[in-house]
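In case you want the letters, here they are:
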Amino acid sequence: VRRAVGLPPGSASLGRELFNALLGCVLIYGALFGVGEILLRSVTLGLALLAIAAGAAIMIARNLEPEIMPQSAASNLPTS
Amino acid sequence: MTLTILDWFVIASYFALNLAIGVYYMRRARGSTAEFFLSGRDVPWWLAGTSMVATTFAADTPLVVTGMVARNGIAGNWLWWNMAASGMLTVFVYARLWRRAGVMTDVEFAELRYAGTPAAFLRGFRALYLGIPINCIIIGWVNLAMLKILQVTLGLDATRALWALLAMLAFTAFYTTIAGLWGVLVTDLVQFVLKMGMVIALAWFAVRAVGGLDALTQQVEALDAASGAGSRLAFFPSTDSAWMPAITLFVYLGVTWWASWYPGAEPGGGGYVAQRIFSARSERHGLFATLWFNLAHYAVRPWPWILTALASLVLYPSLADKESGYVRTLMDPAVFPPALRGIMLAAFAAAYMSTIGTQLNWGASYVVNDCYRRFVRRRSTEREYVIVSQLVTIGLMLVSIYVTLHLASIEQAWKLLIVTGAGTGTVLLLRWFWWRINAWSEVSAMAVAAAVSLYLQVALKWDSDRPRDFAYIMLITVAMTTTAWLAVTWMTPPEPDETLQNFIVACGRTAADGIR
């Protein structure tokens, strides 16, 4: 079917997207519990969790970079 | 609670601002249904994402969280925190696919991916089922919650509170009707800033009233020690807790988020979240809108609510209705400055209106795009479709009033109806990637999920409100539904090549991975 519409075989981007989703969970729970720790328990642990969340955000940004370029092949596909 | 002239001036100013936004976007919304329902697909990520999170922050949400914290501690929030993984899948896997699909509603997707009568049935059934009964029941709940808030905060009797509520509902329906999605999005932004600012302010005053953060934790620990019910400051539930036994925790963390469809938390995205992705300026804006929504939803909003909830436990330990502790803090002059009451009430109105505006516009999009335009008047002018959209928006408001007044008798039906989504998540997630899935896969998943869940709840009397029963209902329904739709998929022919090819062309490279 892909060949019939002139598209190359399936890309490998799904694995990267799933990995980004995993990093996204680290980002969200890291930020959520980081703030909670700072407010109610340990500032040190809270800052560590926020640093982990920030690390996840940076990794996501690096993974996303090639995909969010406006001139990507996908953006030029017709939209039926 | 007594309001001064200044309070009323603040509240009136808030309503005037919303009206001005509605009037400003009136001409643009009339242009076409793409403008009325999708803002011309030209919305920046920060506006679309803020609108999503504003919608999920209803007037009663802080009260619900207060109840969770009072009953089960901070860990009680795992009842909704467990859905973050579903949100992240939507952000990184599905948001761009939705934007690329070029549809106006997520139910329209059925006729992009599938062909023939089953596809048309799926589209029409979902549009009517979600757009009218489910949508109006959700509006009814929000209405009832706001009704209670009006009674408690303003001291109104039931009749007066109902009139005040109807006035707010009609006002929201008015600006939503004249300004379409643009009006909803921009008012959502104003409303979110206002309500978030005020819940942060309330948390600050509430914590100050108990002597600061350290005093707050010490006093909550003292209350917990006296009750012997475990720490309400714990972030995670203990595995032997009655409200979240290990099996239920496993189901929440390992199954529910991908297996269960629920309005507002659809596996792979859907509903008003998908509507805002469609309205985004580009795929990139759609992705970042959904990412901002999830960050704000899970990581930004909860702590001000939780702090106020903990403070209310300390301030009013003997309060029978723990949820009302949230409202009590803002009405207590020893906690919250009376001078800020007007703006606080405006914030509650904002929380109510942001949810209602979205539900009305989103429900109308289903009724018009997937019923009227698809099955009643296939080729008419955009002008007619916009007028019908405006009439449907008003109609939904009127139906929601009827539902609100009869919600007590409807609620049990909802509890049974909503289980039709349990176990259908797998087919919703895989339909983008596996060519063999056809319309019958989705129809059979819905039918079997409903049949199994209803049998367990009605015939066997399992109660989904009981944590263990919920876990077993979920596990059995997911297993049987998945087995059934897989069997039906292999027993029925795949979609025609032409349909699959059109789908691949529409959705581009990533969606087609896995298609032969």
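Relevant structure appears above.
Residues numbered from 1 in each chain as written. Chains lettered and ligands numbered in written order. Predicted model: local features only at pLDDT ≥ 70, side-chain atom pairs only at ≥ 80, totals over all residues. Heavy atoms only, no water.

Here's the deal with the overall build of chain A
Counting its regular elements, chain A contains 2 helices and 0 strands. In chain A, buried positions account for 39% of the 80 residues. Taking the intrachain contacts of chain A between residues at least 6 apart in sequence as the baseline, contacts between residues at least 24 apart amount to 51%. Total accessible area on chain A stands at roughly 4,300 Å², and carbon and sulfur atoms take up 69% of it. (Helix = DSSP H or I, 4+ residues; strand = E, 2+ residues; numbered from the N terminus. Buried < 20%, exposed > 50% of the residue type's maximum accessible area, 1.4 Å probe, protein only. Contact = heavy atoms within 4.5 Å. Areas by Shrake-Rupley, 256 points an atom, 1.4 Å probe, with all protein chains shown as cover.)

Some remarks on the overall build of chain B
Along its length, chain B carries 23 helices and 0 strands. Against the 2.2 N^0.38 benchmark of 24 Å for 516 residues, chain B shows a C-alpha radius of gyration of 23 Å, consistent with a compact globule. Dimensions of chain B, computed from C-alpha atoms along their principal axes, come out at roughly 70 × 55 × 40 Å. Burial status across chain B gives 63% buried among its 516 residues. (Rg over C-alpha atoms; globule rule 2.2 N^0.38 Å.)

What about the environment of D463 of chain B?
Along the chain, D463 of chain B falls in the loop between helix 21 (439–459) and helix 22 (467–491). Sequence separation of D463 of chain B and A450 of chain B is 13 residues, and the distance between their C-alpha atoms is 15 Å.

Concerning the packing of helix 10 (residues 158–209) of chain B against helix 13 (residues 271–279) of chain B
Residue and element names in this part refer to chain B. At a closest axis distance of 12 Å, the pairing of helix 10 and helix 13 adopts a crossing angle of 105 degrees. Between helix 10 and helix 13, the angle is such that the two are roughly perpendicular. Contacts from L181, V184, L185 and D188 in helix 10 reach Q275, R276 and S279 in helix 13. Within the contact of helix 10 with helix 13, the residues separate by chemical class into 3 nonpolar, 2 polar and 2 charged. (Axes fitted to C-alpha atoms, helices over the stretch in contact; angles between N-to-C directions. Parallel < 35°, antiparallel > 145°, perpendicular 65-115°, else oblique. Nonpolar A, V, L, I, M, F, W, Y, C, P; charged D, E, K, R; others polar.)

Section: the pattern of salt bridges
In total, this model carries 14 salt bridges over all chains according to the counting rule given. Where R41 of chain A meets E37 of chain A, a salt bridge forms, and the shortest distance between an N and an O atom there is 3.2 Å. Residue classification places E37 of chain A among the buried residues on the basis of a relative accessible area of 6%. Across the salt bridge formed by R28 of chain B and E35 of chain B, the nearest N and O atoms sit 3.4 Å from each other. Each of E111, R123, D370 and R374 of chain B takes part in salt bridges that share partners, so that together they form one network. (Salt bridge = Lys/Arg side-chain N within 4 Å of Asp/Glu carboxyl O.)

A look at the environment of S231 of chain B
Residues and elements named next belong to chain B. As for its position among the elements, S231 is in the loop between helix 11 (213–227) and helix 12 (246–259). A residue is classified by how much of its surface remains accessible, and S231, at 43% relative accessible area, is partly exposed. A polar contact of 3.0 Å, which involves the side chain of S231, links it to the backbone nitrogen of L233. (Polar contact = N/O pair within 3.5 Å; in protein donor to acceptor, adjacent residues only side chain to side chain.)

Considerations on the packing of aromatic side chains
Enumeration according to the criterion identifies 36 aromatic pairs over all chains in this entry. Between W45 of chain B and F288 of chain B the ring centres are 6.4 Å apart and the planes differ by 55 degrees, which places this aromatic pair in the tilted class. Residue W45 of chain B is found in helix 4 (residues 45–56), and its partner F288 of chain B is found in helix 14 (residues 283–300); the two are separated by 243 residues along the sequence. Overall, the relative accessible area of 34% leaves W45 of chain B in the partly exposed class. On the basis of relative accessible area, F288 of chain B is assigned to the partly exposed category, the value being 24%. Consider the rings of W98 of chain B and F109 of chain B, whose centres lie 5.4 Å apart with planes at 65 degrees: the pair is edge-to-face. Placement of W98 of chain B in helix 7 (residues 84–101) and of F109 of chain B in helix 8 (residues 109–113) is noted, with a sequence separation of 11 residues between them. F109 of chain B matches W98 of chain B in its accessibility class, with the two residues each being buried. By way of ring pairs, the aromatic residues Y29 and F33 of chain A together with W78, W80, W81, F235, F236, Y298 and W303 of chain B are connected into one cluster. Seen from the ring of F235 of chain B, R41 of chain A lies directly overhead, with NZ or CZ sitting 3.9 Å from the centre. Its guanidinium or amino end placed over the ring of Y385 of chain B, R373 of chain B lies 4.5 Å from that ring's centre, counting from NZ or CZ. (Phe/Tyr/Trp six-rings, centres within 6.5 Å; stacked < 30°, edge-to-face > 60°. Lys NZ or Arg CZ within 6 Å of the ring centre and 35° of its normal.)

Re helix 13 of chain B
All names here are of chain B. Burial of helix 13 is extensive: 9 of the 9 residues sit out of reach of the surface. Those residues of helix 13 that sit buried are G271, Y272, V273, A274, Q275, R276, I277, F278 and S279. Here the buried face of helix 13 lies against helix 3 (33–38), helix 4, helix 7, helix 10, helix 14 and helix 17 (341–376).

Description of the nonpolar core
Grouped together as the largest cluster of nonpolar side chains are 187 residues, with contacts concentrated most on I74, W81, M146, L216, L310, Y352 and W432 of chain B. Broken down by element, this core gets its largest block of residues, 24 residues, from helix 10 of chain B. (Core = buried A, V, L, I, M, F, W, Y, C linked by side-chain atoms within 4.5 Å.)

A short note on a nonpolar patch on the surface
On the surface, a nonpolar cluster with roughly 290 Å² of combined accessible area is contributed by F19, L22 and M59 of chain A. By the secondary structure assignment, L22 of chain A is in helix 1 (residues 13–40). (Patch = residues over 30% accessible without salt bridge, like charges linked within 9 Å, V, L, I, M, F, W, Y side chains within 5 Å.)

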